[in-house]
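Read off the chains here:
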Amino acid sequence: MIELDTARTALGCIDFQADFVAPEGRAGALGLPIEPLAAAIPAAQRALSAAREAGMLVFFTRECYAPDLSDLNPFRRQNDLAIGSLGPLGRFLVKGEKGTEIIHDVRPADREPVIDKAGFSAFHQTTLDTVLRVRGIDTLLLMGYTTQCCVASTLRQAVDLGYACVLLKDACAAYDPADHEATVRVMYSEGDNFGWVSDSERLATALQVIRH
């Protein structure tokens, strides 16, 4: 159980990028099952709208790399040959390419921070921790793509940095729903060590109560 203080809570929108979910993006063109990712968009929109109406800080992240891939670590350079490869919307996960941009459905509003990260976690060699701490944020609501990868990586590092975390499970997704469910199960199995699991409807209801 967690009580939200909207002044100290932020909503993190993790990697809602076109190449991951858009039919014309790289995943769609390769025939990957983008339907679970697309199905999470209405819940993400619900959470986003509720957070904005409550005056909470909202931030977005993008996994993306320099055009020369100079910030791609050696392990990923050797084992993830997709990064930098040419796709329908440009080079995959490269800054400035259309496929790397955040989808229109959950696009950032003016003055909402957009954190570019050369890795899975939103805290990896980024300014995110500073962005949050200068605003007095100590609690994170997290949603996005993919649950078991960038969302979970961000959540785990956030916990190690001292943030309380809530995973909005209906606003997250993976190409294989079993991976999504496994991540949620791991959170439950650890009790409150990783934070809590909730959903966009409960968030919207809680924030409405707080506003009134």
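Just above, that's the structure.
*Asks:* In this structure, what is going on with the overall build of the protein? I would like to understand it.
*Replies:* Counting its regular elements, the protein contains 9 helices and 8 strands. For the protein, the C-alpha radius of gyration of 16 Å lies close to 17 Å, the compact-globule estimate for 212 residues. Total accessible area on the protein is roughly 10100 Å²; 52% of this is exposed by carbon and sulfur atoms.

*Asks:* Mind showing me how you'd approach the sheet that holds strand E7 (residues 164–173) here?
*Replies:* One key point about sheets: their strands pair by backbone hydrogen bonds, in either a parallel or an antiparallel sense. Pairing is parallel in the open sheet, where 6 strands are placed in the order E5-E2-E1-E6-E7-E8. In this open sheet, the two strands that pair with only one neighbour each are strand E5 (114–117) and strand E8 (196–198). For this sheet, the mean inter-axis angle between neighbouring strands, taken without regard to orientation, is 25°. Contacting strand E1 (9–14), strand E2 (57–63), E5, strand E6 (139–145) and E7, helix H7 (residues 147–160) runs over the sheet at an angle of about 165° to E6.

*Asks:* What exactly am I supposed to notice about the side chain of Thr147 here?
*Replies:* With respect to the helices and strands, Thr147 occurs in helix H7. Within polar-contact distance, the side chain of Thr147 engages the side chain of His180 at 2.8 Å. When neighbours within four sequence positions are excluded, Thr147 is seen to be in contact with Ala152, Leu167, Cys172, Ala173, Ala174, His180 and Thr183.

*Asks:* What am I meant to see in unusual backbone geometry here?
*Replies:* The general pattern is negative phi for most residues beyond glycine and trans for most peptide bonds. Across the junction of Tyr145 and Thr146, the peptide omega takes the value -25°, indicating a cis bond. With respect to the helices and strands, Thr146 occurs in the loop between E6 and H7. Located in the positive-phi region is Leu69, a residue other than glycine, with phi close to 60°. Tracing the sequence through the fold places Leu69 in the loop between E2 and helix H5 (74–79). The backbone of Leu93 shows a phi angle near 60°, a positive value even though the residue is not glycine. Relative to the elements of secondary structure, Leu93 occurs in the loop between strand E4 (90–91) and E5.

*Asks:* Quick question: what am I supposed to make of the packing of aromatic side chains here?
*Replies:* The geometry of two aromatic rings is summed up by the distance between their centres and the angle between their planes. This model, assessed by the stated rule, comprises 3 aromatic pairs. Each ring, one from Phe20 and one from Phe92, has its centre 6.1 Å from the other, and the planes form 85°; the classification is edge-to-face. Here the residue Phe20 occupies a position in helix H1 (residues 18–21), and Phe92 occupies one in the loop between E4 and E5, the gap between them amounting to 72 residues. On the accessibility criterion, Phe92 (9% relative accessible area) is buried. Taking the ring centre of Phe92 as reference, the NZ or CZ of Arg26 above it sits at 4.7 Å.

*Asks:* What is the right way to look at helix H4 (residues 41–53) in this model?
*Replies:* Under the 1.5 Å per step criterion, the end-to-end length of H4 is 18 Å for 13 residues, consistent within 8% with the ideal 18 Å. Those residues of H4 that sit buried are Ile41, Ala43, Ala44, Ala47, Leu48, Ala50 and Ala51. Among the residues trailing H4, Gly55 stands out with phi positive, at a value near 80°.

*Asks:* Teacher, can you tell me more about the pattern of salt bridges here?
*Replies:* Pairs can form between side chains of opposite charge once their charged atoms are near each other. Applying the stated criterion across every chain yields a total of 10 salt bridges. A salt bridge links Asp15 to Lys117, with the nearest nitrogen and oxygen atoms 2.8 Å apart. Remark: Lys117 occurs in strand E5 and Asp15 occurs in the loop between E1 and H1; sequence separation between them is 102 residues. Notably, a salt bridge pairs Arg46 with Asp170, separated by 3.9 Å at the nearest N-O pair. Residue Arg46 is located in helix H4, and its partner Asp170 is located in strand E7; the two are separated by 124 residues in the primary sequence.

*Asks:* Where do I start with the nonpolar core in this structure?
*Replies:* In a soluble, globular protein the nonpolar side chains are often hidden away together inside. Core analysis: the biggest nonpolar cluster contains 67 residues, and Leu11, Phe16, Leu132, Leu140, Met143 and Leu168 have the highest contact counts within it. Here Met143 is in contact with Leu11, Gly12, Cys13, Ile14, Phe16, Ala44, Ala47, Leu48, Val151, Leu168, Ala171 and Cys172, once residues within four sequence places are set aside.

*Asks:* Any chance you could explain the pairing of E7 here in plain terms?
*Replies:* Side-chain positions along a regular strand alternate between the two faces of the sheet. Burial analysis of E7 places 7 of its 10 residues in the buried class, which makes it a mostly covered element. Here E6 runs beside E7; their pairing, made up of 6 bridges, is parallel. Residue Leu140 lies in a different strand from E7, and its bridge partner there is Cys165. Traced from E6 through H7 to E7, the parallel crossover comes out right-handed.

So, how was this worked out
- Residues numbered from 1 in each chain as written.
- Predicted model: local features only at pLDDT ≥ 70, side-chain atom pairs only at ≥ 80, totals over all residues.
- Heavy atoms only, no water.
- Helix = DSSP H or I, 4+ residues; strand = E, 2+ residues; numbered from the N terminus.
- Rg over C-alpha atoms; globule rule 2.2 N^0.38 Å.
- Areas by Shrake-Rupley, 256 points an atom, 1.4 Å probe, with all protein chains shown as cover.
- Pairing = 2+ DSSP bridges.
- Axes fitted to C-alpha atoms, helices over the stretch in contact; angles between N-to-C directions.
- Contact = heavy atoms within 4.5 Å.
- Polar contact = N/O pair within 3.5 Å; in protein donor to acceptor, adjacent residues only side chain to side chain.
- Phe/Tyr/Trp six-rings, centres within 6.5 Å; stacked < 30°, edge-to-face > 60°.
- Buried < 20%, exposed > 50% of the residue type's maximum accessible area, 1.4 Å probe, protein only.
- Lys NZ or Arg CZ within 6 Å of the ring centre and 35° of its normal.
- Expected span 1.5 Å × (residues − 1).
- Salt bridge = Lys/Arg side-chain N within 4 Å of Asp/Glu carboxyl O.
- Core = buried A, V, L, I, M, F, W, Y, C linked by side-chain atoms within 4.5 Å.
- Right-handed = clockwise from strand over helix to strand, strands pointing away.

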